[in-house]
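One-letter residues, chain by chain:
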Amino acid sequence: MPAGRRGPAAQSARRPPPLLPLLLLCVLGAPRAGSGAHTAVISPQDPTLLIGSSLQATCSVHGDPPGATAEGLYWTLNGRRLPPELSRVLNTSTLALALANLNGSRQQSGDNLVCHARDGSILAGSCLYVGRVTNHAGISQHGAETVLSALLPLQVPPEKPFNISCWSKNMKDLTCRWTPGAHGETFLHTNYSLKYKLRWYGQDNTCEEYHTVGPHSCHIPKDLALFTPYEIWVEATNRLGSARSDVLTLDILDVVTTDPPPDVHVSRVGGLEDQLSVRWVSPPALKDFLFQAKYQIRYRVEDSVDWKVVDDVSNQTSCRLAGLKPGTVYFVQVRCNPFGIYGSKKAGIWSEWSHPTAASTPRSAPCSVCLSLRLILPVLASLLPSPHSTRTWLRPQESGSWRRCGGGAPSFPRPPHLPRGAAGPGAQLGCCSGPQGGPGP
Amino acid sequence: MDSWYPRMAKPWDSWGMLACLCTVLWHLPAVPALNRTGDLGPGPSIQKTYDLTRYLEHQLRSLAGTYLNYLGPPFNEPDFNPPRLGAETLPRATVDLEVWRSLNDKLRLTQNYEAYSHLLCYLRGLNRQAATAELRRSLAHFCTSLQGLLGSIAGVMAALGYPLPQPLPGTEPTWTPGPAHSDFLQKMDDFWLLKELQTWLWRSAKDFNRLKKKMQPPAAAVTLHLGAHGF
């Protein structure tokens, strides 16, 4: 294995040598590598190549003292001397090399091709990046593009980031997220910088707080203006260059989100087996701004992953879920959308779901007497006058028996008998709501 | 150094006592004033700095191993010695023996402090270029430890009343590879950076060991002071 001349600092790394002889060596002036030596230039310098391709390289020596010839020069690749039949002398100062059917690079930093002088000292080197072709069609934003990527990472300038999305929490800050270009971070270390400026006002600003909601995100905490659009873009930089995403223009008021509703309570409705009452408080942060809130409720059975969603819950703070299974634990969540900020007709961005609140529907013991009583009692009760005037009838459960919101005795006219299974398992159930949305908090 | 110890093994015989006393009185001014005040002095922080250099040396061994494997052969071969072309700006640890021995404390400490400031700066540049997350983590960890060593040296200098060297404007090391700086040249620079770091840590251990012995309490200083001469 060829080695450079031994210099004072080139001792084995395993045991530090005693200082005295080490320093003495310096005093005596041990031969140093590279002092007044010839140097050379390799071409191509740091090329990128395909696996299986060939390489023609040259090493051209130049140096002041005479005798700077190609005589005695030799090549090594990753520390291994290459067979002399692969080299040939082109002229007095140039040695050529021909390599065929290249294998993929041995290490991530590239293969080390080195041109040595006769005495083994290093004259020049070149890093070979040998990799395979990757077709990025359909993945890259640039359409069907064939991109060379090494089996081990290749050094290229970054691809432009895309898919920037931003949101503002209670109009106080702005958080943005983006997707890096196709190569991502697996190649050269890439630095991302989120920039923004107010349209029509020239100054660029740079976001400072990164990685707030994932690796490609940034948070702008203050000094945000309303009513004028912002232009936002991401710049990706690495050692070899930079790329800029497309500019996203947005108005803070269009991307407002808020906190999930606090204090979500779920409770039973008396003894009703198929109903639960959900109550919440509207998020306090936006109470100073003119907005209407829209809410969404979702619930699921304890051991299921399928959520049922109650949509279109506008501007109320309670809802009754009906059509539930008796004696079952349900998890319930609520989220809020600040709708119509400052009178606009646009919806904002939905908040996160509130923490799941659990409650269970009551179960009464099965009993044939009870069953018949349940059938008879409503009939008997219907013959009696009732003070209740508002009542909403709900579609029946799968069992076919009736359940009613409001919990009181029914009044005339008697509800029509609806067929069984009208409320299929996949149906979206609305809130039981009278004019005030059922029994209030 | 060992030849002195048997001589002083029996200090209680009369000539020995006299020799002791004379030596102590003669060398008294050379002992740092802080020891006479009776407080701990800079001794513990010198010991700590010494320990840190040993720890860093150990940490560097595994970091260099990983990094040189990343550069690939021949960089990770034990006798590899490329030309020092671009690495001229690196602070050199190797020094003439007489020069090293005759360094006064302030100069010894200043050289260490300046060297590690430069080396830390270059290492941070290396970290910016490193292509894998694992390497970046190892380098970042090492940089933190090196920062700790710098702080420790600064503490010793402060305890001894020496001012910290301030970088002159324009002489701060910058990590800007020139436009024609090839990847291979960069690898050689990386190699020399790690090599120089290693050499400096070896040297620093000796520097601080020397300082540690100088700061010992007077009674023991006689033995060791004479010992130091023989070194």
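I will try to describe carefully the structure that is included in this document. Remember, predicted model here, so these are calculated numbers, not experimental data.

## Quick notes on the overall build of chain A
Point 1. For chain A, the count of helices and strands is two helices and 27 strands.
Point 2. When the 441 residues of chain A are sorted by exposure, 42% land in the buried category.
Point 3. Counting only contacts in chain A whose residues sit at least 6 apart along the sequence, the fraction spanning at least 24 positions is 61%.
Point 4. Summed over its atoms, the accessible surface of chain A is roughly 23,400 Å², and 55% of this surface lies on carbon and sulfur atoms.

## What about the nonpolar core?
Point 1. If you look at the biggest cluster of nonpolar residues, it comprises 54 residues, and the most contacted ones within it are Tyr116, Leu123, Phe142 and Leu146 of chain B.
Point 2. Of all the elements in the fold, those that place two or more residues in this core are β9 (122-135) of chain A together with α3 (43-71), α5 (105-129), α6 (133-159) and α7 (183-214) of chain B.
Point 3. No other element matches α7 of chain B, which puts 12 residues into this core.
Point 4. Dropping the residues within four chain positions of it, Tyr116 of chain B is found in contact with Leu146, Leu149, Leu150, Ile153, Leu197, Trp200, Leu201 and Ser204 of chain B.
Point 5. Ranked by size, the runner-up nonpolar core spans 23 residues in total, among them Leu55, Leu102, Ala124 and Val130 of chain A.

## So, α6 of chain B
Point 1. With 27 residues, α6 of chain B should reach 39 Å at 1.5 Å per residue; the first-to-last C-alpha distance of 39 Å fits that figure.
Point 2. Downstream of α6 of chain B by a residue or two, Gly161 of chain B has a phi angle that is positive, lying close to 80°.

## As for the sheet that holds strand β21 (residues 265-268) of chain A
Residue and element names in this part refer to chain A.
Point 1. Overall, antiparallel pairing links the three strands, which are arranged β21-β22-β25 in an open sheet. Each of the sheet's edge strands pairs with one partner strand only, and the pair in question is β21 and β25 (318-321). Averaged over all neighbouring strand pairs, the angle between strand axes comes to 20°, with direction disregarded.
Point 2. Pairing between strand β22 (residues 276-279) and β25: four bridges, direction antiparallel.

## Looking at the sheet that holds strand β12 (residues 174-179) of chain A
Each strand in a sheet pairs with another by means of backbone hydrogen bonds, the pair being arranged parallel or else antiparallel.
Residues and elements named next belong to chain A.
Point 1. The mixed open sheet is built from five strands, whose spatial order is β15-β16-β12-β11-β20. Of all strands in the sheet, those with a lone pairing partner are β15 (209-210) and β20 (256-257), marking the two edges.
Point 2. Examined bridge by bridge, β15 and strand β16 (residues 217-220) share two bridges and lie antiparallel to one another. When the sheet's bridge partners are listed, Glu209 is paired in β16 with His219.

## Regarding the environment of Glu85 of chain A
Residues and elements named next belong to chain A.
Point 1. Among the secondary structure elements, Glu85 is positioned in the loop between β5 (80-81) and β6 (87-91).
Point 2. Under the relative-accessibility criterion, Glu85 is labelled exposed at 65%.
Point 3. Counting along the chain gives 13 residues from Glu85 to Ala98, while the straight-line C-alpha distance between them is 9.2 Å.

## Remarks on α7 of chain B
Point 1. Taking 1.5 Å as the rise per residue, α7 of chain B with 32 residues should run 46 Å; its terminal C-alpha atoms sit 46 Å apart, in good agreement.
Point 2. Burial of α7 of chain B is extensive: 26 of the 32 residues sit out of reach of the surface.

## Digging into the packing of α3 of chain B against α7 of chain B
Two numbers describe a pair of packed helices, the interaxial angle and the distance between the axes.
Residues and elements named next belong to chain B.
Point 1. It is at 9 Å that the axes of α3 and α7 come closest, and there the two elements cross at 160°. In terms of orientation, α3 lies roughly antiparallel with respect to α7. The interaxial crossing formed by α3 with α7 has left-handed handedness.
Point 2. Tallied by class, the residues present in the contact of α3 with α7 amount to 16 nonpolar, six polar and five charged.

## Digging into a nonpolar patch on the surface
Point 1. A contiguous nonpolar patch, built from Leu375, Ile376, Leu377, Leu380 and Leu383 of chain A and spanning about 530 Å² of accessible area, is present on the exposed surface.
Point 2. Position of Leu377 of chain A relative to the elements: it lies in helix α2 (residues 368-382).

## Details of the pattern of salt bridges
Point 1. For the structure shown, the criterion picks out 11 salt bridges over all chains.
Point 2. Put simply, Lys214 of chain B and Asp105 of chain B hold a salt bridge, and the shortest N to O gap is 2.8 Å. In this pair, Lys214 of chain B sits in helix α7 while Asp105 of chain B sits in helix α5, placing the two residues 109 residues apart along the sequence.
Point 3. Using a relative accessible area of 29% as the deciding quantity, one classes Lys214 of chain B as partly exposed.
Point 4. Several salt bridges converge on common partners, so that one network encompasses Lys197, Arg199 and Glu231 of chain A.

## Some details on the pairing of strand β24 (residues 308-314) of chain A
Point 1. Sheet analysis places strand β23 (residues 292-301) of chain A next to β24 of chain A, joined by five bridges and oriented antiparallel. What sits directly across from Arg298 of chain A, in β24 of chain A, is Val309 of chain A.

## Considering the side chain of Asp46 of chain A
Point 1. Residue placement: Asp46 of chain A occurs in the loop between β1 (39-43) and β2 (48-50).
Point 2. With a relative accessible area of 17%, Asp46 of chain A lands in the buried category.
Point 3. Of the polar contacts made by the side chain of Asp46 of chain A, one reaches the side chain of Gln45 of chain A; its length is 3.1 Å.
Point 4. The residues contacting Asp46 of chain A, other than those within four sequence positions of it, are Ser126, Cys127 and Tyr129 of chain A together with Ser182, Asp183 and Phe184 of chain B.

## Considerations on the environment of Asn69 of chain B
Point 1. By the element assignment, Asn69 of chain B lies in helix α3.
Point 2. On the basis of relative accessible area, Asn69 of chain B is assigned to the partly exposed category, the value being 46%.
Point 3. If we skip the residues at most four places from it in the chain, Asn69 of chain B touches Gln107 of chain A together with Asn76 of chain B.
Point 4. Of note is the side chain of Asn69 of chain B, whose polar atom sits 2.8 Å from the side chain of Asn76 of chain B.

## Notes on the packing of α5 of chain B against α7 of chain B
Residue and element names in this part refer to chain B.
Point 1. At their nearest, the axes of α5 and α7 sit 10 Å apart, and the two run at 155° to each other. Considering their axes alone, α5 and α7 lie roughly antiparallel with respect to each other. The element α5 and its partner α7 pack so that their crossing is left-handed. Counted together, Asp105, Arg108, Leu109, Gln111, Asn112, Ala115, Tyr116, Leu119, Tyr122, Leu123 and Leu126 of α5 and Asp190, Leu193, Leu197, Trp200, Leu201, Arg203, Ser204, Asp207, Phe208, Arg210, Leu211 and Lys214 of α7 form the full contact between these two elements.
Point 2. Taken together, the residues of the contact of α5 with α7 sort by class into 13 nonpolar, three polar and seven charged.

Reading the values: the criteria
Residues numbered from 1 in each chain as written. Chains lettered and ligands numbered in written order. Predicted model: local features only at pLDDT ≥ 70, side-chain atom pairs only at ≥ 80, totals over all residues. Heavy atoms only, no water. Helix = DSSP H or I, 4+ residues; strand = E, 2+ residues; numbered from the N terminus. Buried < 20%, exposed > 50% of the residue type's maximum accessible area, 1.4 Å probe, protein only. Contact = heavy atoms within 4.5 Å. Areas by Shrake-Rupley, 256 points an atom, 1.4 Å probe, with all protein chains shown as cover. Core = buried A, V, L, I, M, F, W, Y, C linked by side-chain atoms within 4.5 Å. Expected span 1.5 Å × (residues − 1). Pairing = 2+ DSSP bridges. Axes fitted to C-alpha atoms, helices over the stretch in contact; angles between N-to-C directions. Parallel < 35°, antiparallel > 145°, perpendicular 65-115°, else oblique. Left-handed = near helix turned anticlockwise from the far one by under 90°. Nonpolar A, V, L, I, M, F, W, Y, C, P; charged D, E, K, R; others polar. Patch = residues over 30% accessible without salt bridge, like charges linked within 9 Å, V, L, I, M, F, W, Y side chains within 5 Å. Salt bridge = Lys/Arg side-chain N within 4 Å of Asp/Glu carboxyl O. Polar contact = N/O pair within 3.5 Å; in protein donor to acceptor, adjacent residues only side chain to side chain.

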